[in-house]
Amino acid sequence: MGIDSHRFAETPDENFVCSICQDVMEDPVLLPCSHMFCRKCLVDWLQQKRQCPLDNKACAASQLIQAPPQFRSLLQSLKIKCNNSSAGCVHVCPMDELRAHLATCGFVREACKRGCGKQIFRHQQSHHASHECDNTEVHCATCKRSFRRPDVPGHKCVESLFGSVLELRNESQHLRETISKDVNTMVEKRIQEQVRDIIGNSMVGHPDGAEERIVRKLTPELKNMVQTEVAAQVESIMDRRLKEFRTALLADTTAAVAAEVQRLKRQVQANLEGEISQVMHSVSEMERGYDIRFEELRRANQSHGDRLNNLTNRLRSAGGGRQGRGGGSNRRNSYEQYQQQRYQ
């Protein structure tokens with residue numbers, strides 16, 4: 001199989017195209033009839049037909065020879081696109097430099113170097129490790145603890161610091177037990193050696209086993225004395241280390257609590273500002289509604305007054321036309337009295 005001609009920066013010359021696969025030759029070989037093809041294409045062809053694909057002359061796979069160096073040099077100088085061009089790489093180089101480029105191409109997918117299982121472009125490994133990888137440890141600036149990225153949303157500094165205290169207590173207890181065990185073994189061995197050195201020269205002529213009996217008798221007393229002294233020293237060292245850690249932990253806890261209080265304060269303030277804004281908006285809407293209602297009532301009252309004036313004028317006109325001046329005057333006076341009584 002040859003190389004797809006679409007991968008080249010320019011359309012390759014037809015002399016570089018394999019007549020079998022119609023692609024640019026890969027590892028070209030020459031037949032006795034001077035025709036050249038891809039090695040793999042021609043070997044597969046000759047397994048089916050023992051003749052040249054172009055002139056049908058008889059030939060065999062044993063007759064294949066490598067293409068001339070000049071031809072191979074020209075073929076290797078063709079400029080080809082990177083294998084990862086579909087992923088975004090825009091690099092173009094001669095074919096004989098492609099292998100070196102692929103060794104450093106940033107668009108080659110590789111497994112995450114921290115072991116999260118994801119396939120990442122080579123040039124994105126650093127960004128992935130810093131911002132995306134679940135196996136990356138995130139350091140909290142407040143409580144000074146480190147934890148995996150998936151644990152970040154549920155992290156609480158104060159609870160984390162109390163967890164540190166519990167871990168310290170467990171480690172301290174384990175350390176005490178380990179030291180005590182090692183000290184007991186070391187002290188007992190050392191005391192037996194010293195006792196033997198002290199009484200070794202004075203046991204000449206005594207019965208066999210007398211030295212061992214003396215060692216067994218003196219060892220417990222000396223052991224208790226040394227253990228008491230060593231235990232006091234170990235206790236002093238542990239107390240000093242615990243006090244130093246408590247002091248540092250208290251400072252970290254104070255900072256964490258202060259940061260939490262400030263966060264809650266900002267949250268409460270933001271909630272109050274939102275509620276106040278909603279109340280002010282509601283009040284504005286109510287005032288706007290009252291203004292609209294007042295304007296409607298004012299217009300309705302004005303309209304009622306206009307209709308009342310029109311009715312009064314019509315009654316006056318109607319009364320004057322039917323009863324004359326006297327009758328119209330009496331009717332008008334009666335209507336005016338009626339109106340006064342109505343609005344009193």
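Structure's up top.
Residues numbered from 1 in each chain as written. Predicted model: local features only at pLDDT ≥ 70, side-chain atom pairs only at ≥ 80, totals over all residues. Heavy atoms only, no water.

**Q** Would you explain the overall build of the chain in this entry?
**A** When you go through the chain residue by residue, the secondary structure sums to six helices and nine strands. Restricting to contacts in the chain with at least 6 residues of sequence separation, those with at least 24 account for 32%. Carbon and sulfur atoms form 52% of the exposed surface of the chain, whose accessible area is close to 24900 Å². (Helix = DSSP H or I, 4+ residues; strand = E, 2+ residues; numbered from the N terminus. Contact = heavy atoms within 4.5 Å. Areas by Shrake-Rupley, 256 points an atom, 1.4 Å probe, with all protein chains shown as cover.)

**Q** Honestly, the side chain of D23 in this entry has me stumped. Any pointers?
**A** Position of D23 among the secondary structure elements: in the segment before β1 (28-30). Buried within the structure, D23 lacks any salt-bridge partner; its nearest side chain of opposite charge belongs to R7, at an N-O separation of 9.9 Å. (Buried < 20%, exposed > 50% of the residue type's maximum accessible area, 1.4 Å probe, protein only. Lys, Arg positive; Asp, Glu negative; His and termini not counted. Salt bridge = Lys/Arg side-chain N within 4 Å of Asp/Glu carboxyl O.)

**Q** Would you mind going over the layout of surface pockets with me for this structure?
**A** Using a probe with the size of a water molecule, rolled over the atoms, empty space left in the structure can be pinpointed. Of the volumes computed, that of the largest pocket is approximately 340 Å³. Together, 16 residues line the largest pocket, and I3, E26, Q76, M95 and L98 are the ones closest to its centre. Broken down by secondary-structure element, the contributors of at least two residues to the lining of the largest pocket are α2 (69-76) and α3 (98-102). Split by residue class, the lining of the largest pocket holds eight nonpolar, two polar and six charged. (1 Å grid on protein atoms, 1.4 Å probe; cavity = no way out; pocket = protein on both sides within 12 Å on 5 of 7 lines; lining within 4 Å. Points joined across faces, edges and corners; volume = space filled by probe spheres on them. Nonpolar A, V, L, I, M, F, W, Y, C, P; charged D, E, K, R; others polar.)

**Q** How do you make sense of the nonpolar core when you look at a structure like this?
**A** Side chains of a nonpolar character, in soluble globular proteins, are inclined to be buried together. Counting 27 residues, the largest nonpolar core has F8, C18, V24, M25, L31, L42 and L75 as the members making the most contacts within it. Counting only elements with at least two residues in this core, the list comes to β1, β2 (36-38), α1 (39-48) and α2. Setting aside chain neighbours within four positions, we find M25 in contact with I3, N15, F16, V17, C18, M36, F37, C38, F71 and L75. (Core = buried A, V, L, I, M, F, W, Y, C linked by side-chain atoms within 4.5 Å.)

**Q** Before we go on, may I ask you to explain α1 in this structure?
**A** C41, L42 and L46 are the residues of α1 that are buried. The arc enclosing the buried residues of α1, seen along the axis, measures out at 125 degrees, which places them on a common side. In this structure, α1 carries K40, Q47 and Q48 as exposed residues pointing more than 90 degrees from its buried face. (Arc of directions from axis to C-beta.)

**Q** In this structure, what is going on with the sheet that holds β2? I would like to understand it.
**A** Think of a sheet as strands paired side by side through backbone hydrogen bonds, with each pair either parallel or antiparallel. The strand order β2-β1-β3 describes an open sheet built from three strands, whose pairing is antiparallel. For this open sheet the edge positions go to β2 and β3 (65-66), each flanked by a neighbour on one side alone. Bridge analysis of β1 against β2 gives three bridges, and the strand direction is antiparallel. Bridge pairing links P28 to C38 in β2. Contacts from α1 reach β1 and β2, with the element oriented near 95 degrees to β2. (Pairing = 2+ DSSP bridges. Axes fitted to C-alpha atoms, helices over the stretch in contact; angles between N-to-C directions.)

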